[in-house]
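Chain and residue survey
So the chains spell out like this:
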Amino acid sequence: MYFCDGFIKNTSTIEIDSYNSLYNLKINLITLNYHPRQIGNKTERYALIQEGERDIFIIGLNPSTADETKPDPTMRRTMQIAEFNGYDGFIMLNLYPQRSTKPKDLARNIDIDIHKRNLEIIEDLLKNNTSIDVWLAFGANICIRKYLLSCFKDIINILHKHNANLFYINKLTKAGFPPHPLYQKTNYLKPYHNHICL
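First things first, this report covers the structure right here in the doc. (Residues numbered from 1 in each chain as written. Predicted model: local features only at pLDDT ≥ 70, side-chain atom pairs only at ≥ 80, totals over all residues. Heavy atoms only, no water.)

Re the overall build of the chain
- Of the regular secondary structure elements, the chain holds five helices and seven strands.
- Starting at the N terminus and walking to the C terminus, you meet the elements of the chain as α-α-β-β-β-α-β-α-β-α-β-β.
- Across the 198 residues in the chain, those meeting the buried criterion constitute 51%.
- Sequence-distant contacts in the chain: of pairs separated by 6 or more residues, those separated by 24 or more amount to 76%.
- For the chain, the accessible surface area stands at approximately 10,300 Å², while carbon and sulfur atoms represent 51% of it. (Helix = DSSP H or I, 4+ residues; strand = E, 2+ residues; numbered from the N terminus. Buried < 20%, exposed > 50% of the residue type's maximum accessible area, 1.4 Å probe, protein only. Contact = heavy atoms within 4.5 Å. Areas by Shrake-Rupley, 256 points an atom, 1.4 Å probe, with all protein chains shown as cover.)

Put into structure tokens, the structure is as follows:
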């Protein structure tokens, strides 16, 4: 297990302070043009897709309230970071598709049917892309349910199958997991070479 110091930088991105008004205007373009399509319903969300010229796959823990009509705070922050790194589109995925505003309210036991459906949709979306960048953004709450680590294992196997480039933000958690994006003060994505024992 080790940490990687490399940064992803897009040469076309102006590097200015994250609180600068010009930066904030630029960063909010994805939000201003928010028009994703959703795969899911009121209880599960498998994917939230807003395609651009350069897309990034994002894998969170589980979906909250964001849908095709409005983003939630995590989705807004995620879009800001994605655009800062040169992406103008996103495919938002999750380790587990059950909607819940609080991870502690996730089902105690895995629903195999929705997990299998989640894997099928991820596989289907990946196979339509040749160059795949994936931002792992699920945070330390992966440990809140034992099955979430199993979900990650299944998903990471699919990502390796498609030779995906993996990234994370800021620094890994103490357990070596990619952090959640919401309260991160930095905007740079880094290559993820950390292999968690699964």
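Don't stop here, the text continues.
Digging into the pattern of salt bridges
- Per the counting criterion, the structure on display carries five salt bridges.
- Two residues, lysine 70 and aspartate 67, come together in a salt bridge whose shortest N-O distance is 4.0 Å.
- Among the ionic pairs, glutamate 123 bridges to lysine 161, the shortest N-O distance being 3.3 Å. On the criterion of sequence distance, the pair formed by glutamate 123 in helix 4 (residues 112-127) and lysine 161 in helix 5 (residues 146-161) is long-range, its members being 38 residues apart.
- Glutamate 123 gets classed as partly exposed once you look at its relative accessible area, which sits at 21%. (Salt bridge = Lys/Arg side-chain N within 4 Å of Asp/Glu carboxyl O.)

Things to note about the nonpolar core
- Leu95, Val134, Leu136 and Leu159 are the most contacted members of the largest nonpolar core, which has 36 residues in total.
- Elements with a minimum of two residues in this core: strand 2 (45-50), strand 3 (55-60), strand 4 (89-94), helix 4, strand 5 (133-136), helix 5 and strand 6 (165-169).
- For this core, the element with the highest residue contribution is helix 5, accounting for eight residues.
- Contact partners of leucine 159, with chain neighbours within four places excluded, come to Ile59, Leu126, Val134, Leu136, Ala164 and Leu166.
- Residues Tyr34, Leu48, Ile58 and Phe90 belong to the second largest nonpolar core, which totals 17 residues. (Core = buried A, V, L, I, M, F, W, Y, C linked by side-chain atoms within 4.5 Å.)

What about the pairing of strand 3?
- Among the six residues that make up strand 3, six are buried, leaving the element largely enclosed by the rest of the structure.
- Residues of strand 3 alternate between two faces, with Asp55, Phe57 and Ile59 on one and Ile56, Ile58 and Gly60 on the opposite face, all of them buried.
- Of the strand pairs in this sheet, strand 3 and strand 4 are connected by six bridges, and their pairing is parallel. If you follow phenylalanine 57 over to strand 4, its bridge partner there is isoleucine 91.
- Handedness of the crossover is the feature at issue here: the chain leaves strand 3, passes through helix 3 (residues 73-84), returns alongside strand 4, and the resulting connection is right-handed.
- In terms of strand pairing, strand 3 meets strand 5 through three bridges, oriented parallel. Within strand 5, the position partnered with isoleucine 59 by the bridge is leucine 136. (Pairing = 2+ DSSP bridges. Right-handed = clockwise from strand over helix to strand, strands pointing away.)

Keep in mind these numbers describe shape, not what the thing actually does.
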